[in-house]
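Here's the letter readout for the chains.
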Amino acid sequence: MKISDFQIVCFTVFISLVVLSCDSKSNSEELAEKKPNIVLIYLDDLGYGDVSAYQSGTLQTPNMDRLANEGIRFTNAYASSATCTPSRYALLTGTYPWRNSNAKILPGTAPLIIDTAQMTLPKMLKEQGYQTAVIGKWHLGLGTGQVDWNQEISPGPNQVGFDHAHILAATQDRVPTVYIENGRVVNLDPNDPILVDYEKNFEGEPTGLDNPELLSMKWHHGHNNSIVNGIPRIGFMKGGQSAKWSDIDMADHFLEKGKKYIQEQAKSENPFFLFFPMQQPHVPRTPHPRFEGKSGMGPRGDAILEADWVIGELYKTLEEEGLLENTLIILSSDNGPVLNDGYYDDAVEKLGDHTPAGPFRGGKYSLFEAGTRVPTITYWKGKIQPGVSDAMVTQIDLLSSLAALVGSGEQGPDSQNLLETFLGESQKGREVFVLEATSRTALRAGDWVIIPPYPGPEVQTQVNIELGNSKDYLLFNLQEDPGQEKNLAAENPEKLEELKKIYQEIRSGENKVEQLELK
Ligand code: NG6
Ligand code: CA
């Protein structure tokens, strides 16, 4: 049969119509298709061994395990610091925290430590058409000095790239113990203004130190200032009664906000970025009564189970909204684990055989591995093939890597583009990394770590954690000795000298990290 001209014309018209109908999608629809949503779940003080997929502890965390087992489980991933504020600073700015002397554990009254002119992860994503939100713990400072908590509080998250912000200002153990939404304290009664001070108490206000009879949780060290909900806190606060949060409902509170945000965004054509920094298992550990006793390890274990449940609920929400195939989920922690961090809460007594630090030495505040080596997972249904990655990646690298994902050329000052590694398409990680712990630094290079000499106690006795302070250089080979038991400095002086040189070059800013070649 011969094909007539008429048939050819009909066929051409048909093809053109098909092409046209595909083309008729709006720009933002196409954008949304190309650019995945990003949900960054960031726990507070969760240790490497606290996630059961990491096969070291005895807690069961099925929801985190699902992400780990069906995504990539990173075994060599680092928070940038062994404490909260510096890690968060590095995560959002792609800058080593030790470059900013203000990036250290902040009081609730500290000013914002991110320059509003600085490039940030949410700003970069916003420029690429993303809606951005932070829901959870902030701890990067607010305002410029003297914050009036009864007025609009600015600058804050909204001024560094977040379209929407529902936060707690600092930590759960620091005042003010209120939620702040887009610069305003939530549920504040103007007739009962909030006053906050970190130096002195307000006359007549009870404190943990003077009024032990009012406490439902006892302080062990620090944490003996104002009492809120029977829990003594760091810092003094007066007023704002109607705005005070309920500690046991905090997980449900942030979950509800997170779910609502995802549901709203599902209706929008733009991709979204949800930064979801959770308060668990930081002190005071106040799991909802439904989780009480569930772990057999006291409130710390129960709070981790609660967090795991929240993560499962967020996952379910993404699933129900049909967003799983178009959402990259990243999960990590801001620093390593601690048991007694200032309250008597049975974390030490009921630990049993659980190993929050996994196979590593130290913990929160420490230059040893457990301070910064944290559980880290990437999950993207249908896009990321399940696997385990031993590549060295750090939270500093998320800025450049996610920029590459969404088609932005942004590069954080110290951030490396490891997108393929984060997506499991490559096993190539960083060569070198300068980690930080309470204003001290150490170098990880290849399989090696050097910790320079630091004065100060070897063990912080109150929290019972080895800090990594020593009179001499410490040198470890992590491949052979992940527990950092054997100091090789004396028997391998060549390696020590090689690493000292690299460390000094990076710290003095002479060399960009990427340019360094390990022998
Ligand atoms: C410390 C607190 C600790 C915790 C930490 C910050 C005392 C004695 N200890 O100063 O309880 O709040 O700061 O933790 O006050 S972080 O995870 O936010 O860095
Ligand atoms: Ca923390």
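**Some words on the site of ligand 1**
- For ligand 1, the set of nearby residues contains 20 residues, the closest of which are Cys84, Asp173, Arg174, Asp341 and Lys364.
- Measuring from an oxygen atom of ligand 1, one finds a side-chain N or O atom of lysine 137 at 3.1 Å.
- Between an oxygen atom of ligand 1 and a side-chain N or O atom of arginine 174, the distance comes to 2.8 Å.
- Burial of ligand 1 by the surrounding chains reaches 85%, relative to a free accessible area of 450 Å².
- A breakdown of the residues in the shell around ligand 1 according to their chemical character gives five nonpolar, eight polar and seven charged.

**So, the side chain of threonine 93**
- For threonine 93, the position within the fold is in helix H4 (residues 84–93).
- The exposure class assigned to threonine 93 is buried, which follows from its relative accessible area of 1%.
- Leave out the neighbours within four places in its chain, and threonine 93 touches Ile114, Gln118, Met119, Leu399, Gly412 and Pro413.

**Side note on the coordination of the calcium ion (ligand 2)**
- Taken together, the protein ligands of the calcium ion (ligand 2) are Asp44 (OD), Asp45 (OD), Asp334 (OD), Asp334 (OD) and Asn335 (OD1), with distances of 2.2 to 2.7 Å.
- The sequence motif formed by the donor residues of the calcium ion (ligand 2) is D-D-x288-D-N. Here the residue aspartate 45 occupies a position in the loop between strand E1 (37–43) and helix H3 (62–70), and asparagine 335 occupies one in the loop between strand E13 (327–333) and strand E14 (376–379), the gap between them amounting to 290 residues.
- Residue class for aspartate 45 comes out buried when judged on its relative accessible area of 1%.
- The class for asparagine 335 is buried, based on a relative accessible area of 0%.

Parameters at a glance
Residues numbered from 1 in each chain as written. Chains lettered and ligands numbered in written order. Predicted model: local features only at pLDDT ≥ 70, side-chain atom pairs only at ≥ 80, totals over all residues. Heavy atoms only, no water. Near = heavy atom within 4 Å. Polar contact = N/O pair within 3.5 Å; in protein donor to acceptor, adjacent residues only side chain to side chain. Areas by Shrake-Rupley, 256 points an atom, 1.4 Å probe, with all protein chains shown as cover. Nonpolar A, V, L, I, M, F, W, Y, C, P; charged D, E, K, R; others polar. Helix = DSSP H or I, 4+ residues; strand = E, 2+ residues; numbered from the N terminus. Buried < 20%, exposed > 50% of the residue type's maximum accessible area, 1.4 Å probe, protein only. Contact = heavy atoms within 4.5 Å. Donors = N, O, S within 2.8 Å, 3.2 Å for Na, K, Ca; no water.

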